[in-house]
Amino acid sequence: MDAGLLAQYVMNGLMLGMMYALVAVGFTLFFGVLDVIKFSHGDVLTVGAFTALATYAGMRMLGVNSNLLDLIVMLVTATLAMAFLGVVIARYLVMPLRSAPALNTLLITLMLGTVLRESVRLFYPQGANPKPFPALLPRTSIDIGDFNLRFDNVLMLTAGVLVIIGIQYLLNRTKLGLAIRAVAQDEETARTMGINFTAIVLVTFALGSGLAAFAGVMNGLYYNEINFGIGLYLGVVGFSAAIIGGLGSIYGAILGGFLFAGLQTIGTVMLPFASAYKDVFAFAVVIAIMAWRPTGLIREKISERV
Amino acid sequence: MNALLEAHGLSKHFGGVQALDGLDLTVTANEILGLIGPNGSGKTTFFNVITGIYAADAGRVAFDGTDVTNASARSIYQAGISRTFQRSRLSLPLSIFDNIMIGNHKRLNQGLWFNLAKRGDFKREFERSYADARALVEVFEPGLAGRMFEPVAGLPMIDRRRIEICRALISAPKLLLLDEPSAGMTHDETAELMNDILLVRKRNKDLTLIIVEHEMGVIERITDRCVVLNFGRKIAEGPYRTVAADTQVQEAYLGAA
Amino acid sequence: MAGKGHTSVWPGLVALAIATGYLIALLGAEKQNLIIMLLAVGIVAVIAAAWLGLFENVSASFVEHEDALGVCAIGAAGAVAAVFHDNHFVLLLVITVLLYSVATLGLNVQFGYAGVLNFAGASFFGIGAYTSAVLNTYTAVPHLLVLLIGGMLAAFAGSLLLLPVLRTRGHYAAVVTIAFALLFKTFLEVNDVLGGPQGMQVKGMRILGWSFNDNIEIGKISLSFYMNYFVLSLLLLAGAFVLVRRLERSWIGLNLDALRLDETAAGCFGLDIVRWKITAFLIGNFLIGIAGALFGMVGGFVAPNNYTFADSLILVSILLLGGIGNPWGLMVATIIVVVVPEKLQTIQEYRFLLYALMVIAVLLFRPEGLLPRPVRRYFPGWRP
């Protein structure tokens, strides 16, 4: 295989890995603070992407034609809207079920995901069909040998890296982050230290859901298209990535995300006859990893008092 | 005097906490051993390591002559060690009978064909098991014996603890580990419980008991011998009176003078 | 509640009779207005009955006299079929209810008893259906045997998927089965051997020369050919019901409950967790696969679009709505979930959304479901 094609694969893998990592980080945040698997996370991403699309349509109707302005407004609107959605979900669906078996939370969020997905399909105009997503980033590219390096991809990768660094900074260097980590470690102790448990949980959900919106917009910009099912797929991949990375660990989620993308890339190269097989390959390896290291590559912290 | 359970150099740490630190402990057959020590001294961890819930980092455990170090929880049960838990672990939606039968696993026929097809034989085993469970429950709380098919969820804590003990006893274990059986009970209820345990022991000469307790009155009354733990090590051993007078033990509980 | 000691069979019988009559009315109604009215009346009646505490009486009656009432239920099903003996559409609907019930009974063994999550129920159903398609088209394997093979293949596929993650926590099984559900459909679509996106035809069942796809003439009465399938499906459901019942009312059922409720404690009392989880999953998938295999022959047609993740969620919804662990509740929920969108065409498009909303409501306000699972009675009517 020539260098140009290889570079193309690597670029693609990095982009995918970035998106998976963003989704996986969300899952890990939710699991960390509340020990819950929020299965609707992927579908929040979908709603975020469609919110951005609707915002774009609205802005175009108002006559705003600047790509940059459109993009900024779309991002802000989608992120805030999804953060709000995340808070509502946490407040009314997840927290009331805290005393019920964990299974119930998993089921309720799974069903919520369906509600979100079906709502987009049924109520967004032409929601059942794939919708074109505007290309709002600069279209320039440079050729390095055989490889066409697109500027917009570089921009998105950089933005993704910045977001992840931002999250890391938030968690490790701010008081809010400290509170989140305290709650994730031990709810009771955190409460006795004066931390407002409910507020922190809601903030965490807002954060994770905002991340999903960002990932959704990125997804739309990369593929120039969105459809009502993208969240479901990304959610499953992101969740798997979070698991093999080790639920509860941010680094693990990022690692898992890029690992999955890497597996998909290898799968595409090895099994070129149908793109579906790359997923089969990637998931088969994921299942093997789950069997080999059930607590994830970076140990999931489970403490159960016996 | 033959040793039923022997632990040598048992160690177990959780992150930075050394829960068991080179523990040596021997239990003689048919004795009632009290296991005491301040909170966090390793008593429950000791139980958890013996019963295979945690793997020891170092050391050996022998039961009835066989090495059972790091054996699985299942094989420990098969070998004849049974236990109760510090935090009550009953299956709340299930009936009293069902909960006790969980403890009876090794004496029940678990074959698919037997359970699904040979319903006549199954019914006979069911009726035998019902009689056994009922007889056991009658020792501890006759009032429950007629309510064997009520869900455990509706019962008060003291009855739940009694049923947990029945669950541990139904398989006729050689060694029974009781983890704070009287937690949450009044003085009188505790006395009653201990009487019932002694009664069971009288009927079942083979039974050896290790009891973790904080109520010293109980320990004094029913144990033959005590072992005192502190920071995962044994610091004293002997009849209750002796260890209670030991200055090291007093310091462990109350702090240095 | 009826006095302690002896519960009468009458509440159960009356409930069964009313339900049968209602079902016949609903199935026979054609005009949308009439259907909406019937549904409204039904909802009001159910709420009133719940408020009056009648459900407890009926439940107790079913628990005490399950064998007798089971036979009556079979008779009731026969009555429904007799009323619609020449109506292809209604009979097909009834068969769908019967076979979905078998599938959800299987799912119940996995989910409701053993606590093993399976979000790919429709995919395993599809494995059974495609088995029928392939074997009937390319081989001469006797069709009853094809059903068994469909069940076994589904069981085998399930074990491949689940064995690696059995020692891990519940959400691993969840994500693994969801991934399988998503990938299964794509896998079917890219494989032209299996008909690709268009799917495959399935030859109808023939047993010893009797073709199931020909209408039956008895004197002057003409019976829809679906009657053949109806009888077979009813037999399958009865068999599955008895199997699942006996499983629950045995030490095995107890093992499954024990490991679902507290795995650690169960291990301390000798339970082989892996062995029983796998047993439950295999039995459940076997039932799902057989139902799928028969359904493939009934419909005469299999296509990837019928076995999607959304369809798997429908099966899970039935389980949650009906009351996890209660086979009677399951069958009632299956009837509701299958029949109502077919009759009320306007909501067909919205059925995934509606069921998801209903399940959310149930999980928030009545997690036990429609008919909560009663305490285990090893032998109904047995007294010490």
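Quick notes on the rules
Residues numbered from 1 in each chain as written. Chains lettered and ligands numbered in written order. Predicted model: local features only at pLDDT ≥ 70, side-chain atom pairs only at ≥ 80, totals over all residues. Heavy atoms only, no water. Helix = DSSP H or I, 4+ residues; strand = E, 2+ residues; numbered from the N terminus. Rg over C-alpha atoms; globule rule 2.2 N^0.38 Å. Buried < 20%, exposed > 50% of the residue type's maximum accessible area, 1.4 Å probe, protein only. Contact = heavy atoms within 4.5 Å. Areas by Shrake-Rupley, 256 points an atom, 1.4 Å probe, with all protein chains shown as cover. Lys, Arg positive; Asp, Glu negative; His and termini not counted. Charge placed at Lys NZ, Arg CZ, Asp CG, Glu CD. Buried area = accessible area lost by both parts, 1.4 Å probe. Salt bridge = Lys/Arg side-chain N within 4 Å of Asp/Glu carboxyl O. Polar contact = N/O pair within 3.5 Å; in protein donor to acceptor, adjacent residues only side chain to side chain. Nonpolar A, V, L, I, M, F, W, Y, C, P; charged D, E, K, R; others polar. Pairing = 2+ DSSP bridges. Axes fitted to C-alpha atoms, helices over the stretch in contact; angles between N-to-C directions. Phe/Tyr/Trp six-rings, centres within 6.5 Å; stacked < 30°, edge-to-face > 60°. Lys NZ or Arg CZ within 6 Å of the ring centre and 35° of its normal. Core = buried A, V, L, I, M, F, W, Y, C linked by side-chain atoms within 4.5 Å. Left-handed = near helix turned anticlockwise from the far one by under 90°. Parallel < 35°, antiparallel > 145°, perpendicular 65-115°, else oblique. pLDDT = per-residue confidence, 0-100.

Q: I'd like a rundown of the overall build of chain A, residues and numbers included.
A: Within chain A, the regular secondary structure consists of 11 helices and four strands. Expected size for 306 residues packed as a compact globule is a radius of gyration near 19 Å; at 19 Å, chain A falls within 12% of this value. Summarising its shape, the C-alpha atoms of chain A cover approximately 60 × 50 × 40 Å along the three principal directions. In chain A, which comprises 306 residues, the share counted as buried stands at 54%. In chain A, the share of contacts with a sequence separation of at least 24, taken over all contacts with a separation of at least 6, comes to 74%. As presented, chain A carries roughly 13200 Å² of accessible surface, and 66% of it is formed by carbon and sulfur atoms. In chain A, which carries 18 positive and 15 negative side-chain charges, the distance between the mean positions of the two groups comes to 7 Å.

Q: Summarise the overall build of chain B; cite the residues concerned and give the values.
A: If you tally the helices and strands in chain B, you get 10 helices and 10 strands. For 257 residues, the compact-globule estimate of 2.2 N^0.38 gives 18 Å, and chain B sits close to it at 19 Å. Seen through its C-alpha atoms, chain B measures out along the principal axes to roughly 65 × 40 × 35 Å. Counting the 257 residues in chain B, one finds 54% classified as buried. Looking at chain B alone, contacts between residues at least 24 apart form 68% of all its contacts between residues at least 6 apart. When the accessible surface of chain B is summed, it comes to about 10700 Å², and 51% of that surface belongs to carbon and sulfur atoms. Positive and negative side-chain charges in chain B, numbering 30 and 31 respectively, have mean positions lying 6 Å apart.

Q: Give me the lowdown on the interface of chain A and chain C, citing residues and values where you can.
A: Frequently, the measure chosen for interface size is the accessible area removed from exposure when the parts meet. Facing the 42 residues of chain A at the interface are 38 residues of chain C. The contact between chain A and chain C buries some 3400 Å² in all, and 82% of this surface belongs to carbon and sulfur atoms. Considering only the surface of chain A that becomes buried against chain C, A:Leu107, A:Met111 and A:Ile287 emerge as the three largest contributors, covering 16% of it. Counting every contact that joins chain A to chain C gives one salt bridge. Between C:Glu349 and A:Arg121 there is a salt bridge, with its nearest N and O atoms 3.5 Å apart. The interface formed by chain A and chain C includes two residue pairs in polar contact (both at pLDDT 80 or more). Those elements giving two or more residues to the side of chain A that touches chain C turn out to be α3 (67-94), α4 (102-123), α9 (230-245) and α11 (276-292) of chain A. With 16 residues, the top contributor of residues to the side of chain A that touches chain C is α4(A). Taken together, the residues of the side of chain A that touches chain C break down into 31 nonpolar, five polar and six charged.

Q: With reference to specific residues and values, describe the sheet that holds strand β9 (residues 225-230) of chain B.
A: Residue and element names in this part refer to chain B. With mixed pairing, the six strands of this open sheet are ordered in space as β6-β7-β8-β3-β9-β10. Across the chains shown, the open sheet's two edge strands, defined by having one partner strand only, are β6 (81-83) and β10 (233-238). Each strand of the sheet is rotated relative to its neighbour by a mean of 20°, with strand direction disregarded. Looking at chain direction, β9 and β10 are connected through five bridges and run antiparallel. Of the residues in β10, the one forming a bridge with Val 228 is Ala 236. Together, β3 (32-36), β9 and β10 form the strand contacts of helix α10 (residues 247-254), whose direction differs from that of β10 by roughly 130°.

Q: So what's going on with the packing of aromatic side chains? Which residues, and what values?
A: Within the structure shown, the criterion is met by 42 aromatic pairs over all chains. A centroid spacing of 6.1 Å and a plane angle of 70° characterise the contact between B:Phe114 and B:Phe122, whose relative ring orientation is edge-to-face. With a centroid separation of 6.4 Å and 35° between ring planes, the pair formed by B:Phe122 and C:Tyr378 is classed as tilted. Residue B:Phe122 is located in helix α5 (residues 119-140), and its partner C:Tyr378 is located in the segment after α15 (351-365); the two belong to separate chains. The pair B:Phe122 / C:Tyr378 is uniform in exposure class, with both members buried. Through successive ring pairs, a cluster of aromatic residues spans B:Phe97, B:Phe114, B:Phe122, B:Phe126, B:Tyr130, B:Phe149, C:Trp251, C:Tyr378, C:Phe379 and C:Trp382. The cationic tip of A:Arg293 hangs over the ring face of A:Trp292; the distance from NZ or CZ to the ring centre is 5.3 Å. The ring of C:Phe379 carries the charged tip of B:Lys123 above its face, separated from the ring centre by 5.1 Å.

Q: Pulling in residues and values, what's your account of the nonpolar core?
A: One finds B:Phe97, B:Ile100, C:Phe119, C:Tyr229 and C:Trp251 to be the most contacted residues of the largest nonpolar core, which totals 286 residues. Residue contacts for C:Tyr229: discarding those within four places in its chain leaves C:Ile95, C:Gly204, C:Met205, C:Phe212, C:Asn213, C:Leu294, C:Met297 and C:Val298. Within the second largest apolar cluster, 26 residues are counted, among which are B:Leu20, B:Leu23, B:Val27 and B:Val49.

Q: Quick one: what's the story with the environment of B:Ile102, residue by residue and with numbers?
A: Along the chain, the position of B:Ile102 falls in helix α3 (residues 96-102). Take B:Ile102: its relative accessible area is 7%, and that puts it in the buried class. Along the backbone, B:Ile102 and B:Leu207 are 105 residues apart, and their C-alpha atoms lie at a distance of 20 Å. With residues up to four places along the chain from it excluded, the contact list for B:Ile102 reads B:Ser91, B:Leu94, B:Arg167, C:Leu254, C:Ala258 and C:Phe269.

Q: I'd like to hear about the sheet that holds strand β1 (residues 3-14) of chain B, residue by residue, with values.
A: Residue and element names in this part refer to chain B. Pairing in this open sheet of four strands is antiparallel, and the strands run β2-β1-β4-β5 from one edge to the other. A strand with exactly one partner marks an edge of an open sheet, and here the two such strands are β2 (17-28) and β5 (66-67). Here helix α1 (residues 43-50) sits on the sheet in contact with β1, β2 and β4 (58-63), set at roughly 110° to β1.

Q: Account for the packing of helix α13 (residues 309-322) of chain C against α15(C), with residues named and values stated.
A: Two quantities define a packed helix pair, namely the angle between the axes and the distance from one axis to the other. Residue and element names in this part refer to chain C. For the pair α13 and α15, interaxial distance at closest approach is 10 Å and the crossing angle is 35°. In this structure, α13 crosses over α15, and the sense of that crossing is left-handed. Along its contact with α13, which presents Ala 310, Asp 311, Ile 314, Ser 317, Leu 320 and Leu 321, the element α15 presents Phe 352, Tyr 355, Met 358, Val 359 and Val 362. When grouped by side-chain class, the residues that make up the contact of α13 with α15 number nine nonpolar, one polar and one charged.

Q: Go over the environment of A:Glu187, please, and point to the residues and values.
A: Residue and element names in this part refer to chain A. Within the secondary structure, Glu 187 is located in helix α7 (residues 187-192). Its relative accessible area of 24% is what places Glu 187 among the partly exposed residues. Among residues more than four places away in sequence, those in contact with Glu 187 are Arg 98 and Phe 197.

Q: So what's going on with the environment of A:Phe151? Which residues, and what values?
A: All names here are of chain A. If you trace the backbone, Phe 151 turns up in helix α5 (residues 151-173). C-alpha of Phe 151 to C-alpha of Thr 140: the two residues are 11 residues apart in sequence and 5.7 Å apart in space. With residues near it in sequence (within four places) discarded, Phe 151 still touches Pro 138, Thr 140 and Ser 141.

Q: How would you summarise unusual backbone geometry if you had to cite specific residues and measurements?
A: All names here are of chain B. Of note, Asp 64 is a non-glycine position whose phi angle comes to about 55°, a positive value. Position of Asp 64 among the secondary structure elements: in the loop between β4 and β5. A relative accessible area of 41% means that Asp 64 is categorised as partly exposed. Positive phi, normally seen in glycine, also occurs at Phe 231, with a value near 50°. Looking at the element boundaries, Phe 231 is found in the loop between β9 and β10. Classification of Phe 231 by relative accessible area gives exposed; the value is 64%.

Q: Can you lay out the side chain of A:Arg121 for me, pointing to particular residues and giving the numbers?
A: Within the fold, A:Arg121 resides in helix α4. Looking at A:Arg121, the relative accessible area reads 17%, which means it is buried. Among the polar contacts listed, one links the side chain of A:Arg121 to the side chain of A:Glu118, at a separation of 2.8 Å. When near neighbours in sequence (up to four residues on either side) are disregarded, A:Arg121 contacts A:Gly127, A:Ala128, A:Phe228, C:Glu349 and C:Phe352.

Q: Would you mind going over the packing of helix α1 (residues 3-34) of chain A against α9(A) in detail, with residue names and values included?
A: All names here are of chain A. Between α1 and α9, the shortest axis-to-axis distance is 8 Å and the interhelical angle comes to 70°. The angle between α1 and α9 places the two elements in the roughly perpendicular class. Seen along the crossing, α1 lies across α9 with a hand that is right-handed. Residue-level inspection shows Tyr 20, Val 23, Ala 24, Phe 27 and Thr 28 of α1 in contact with α9, the latter providing Tyr 233, Leu 234, Gly 235, Val 237, Gly 238, Phe 239, Ala 241 and Ala 242. Among the residues making up the contact of α1 with α9, the classes are represented as 10 nonpolar, three polar and no charged.

Q: Provide a residue-level description of the confidence of the model for chain B, including the pertinent values.
A: Low-pLDDT portions of the prediction should not be read for the details of their coordinates. Residues and elements named next belong to chain B. Averaged over chain B, the pLDDT score is 91; the fraction of residues at 70 or greater is 99%. Mean pLDDT across the secondary structure elements of chain B bottoms out at α10, with 82, and peaks at α3, with 96. Complex prediction metrics read pTM 0.91 and ipTM 0.91.

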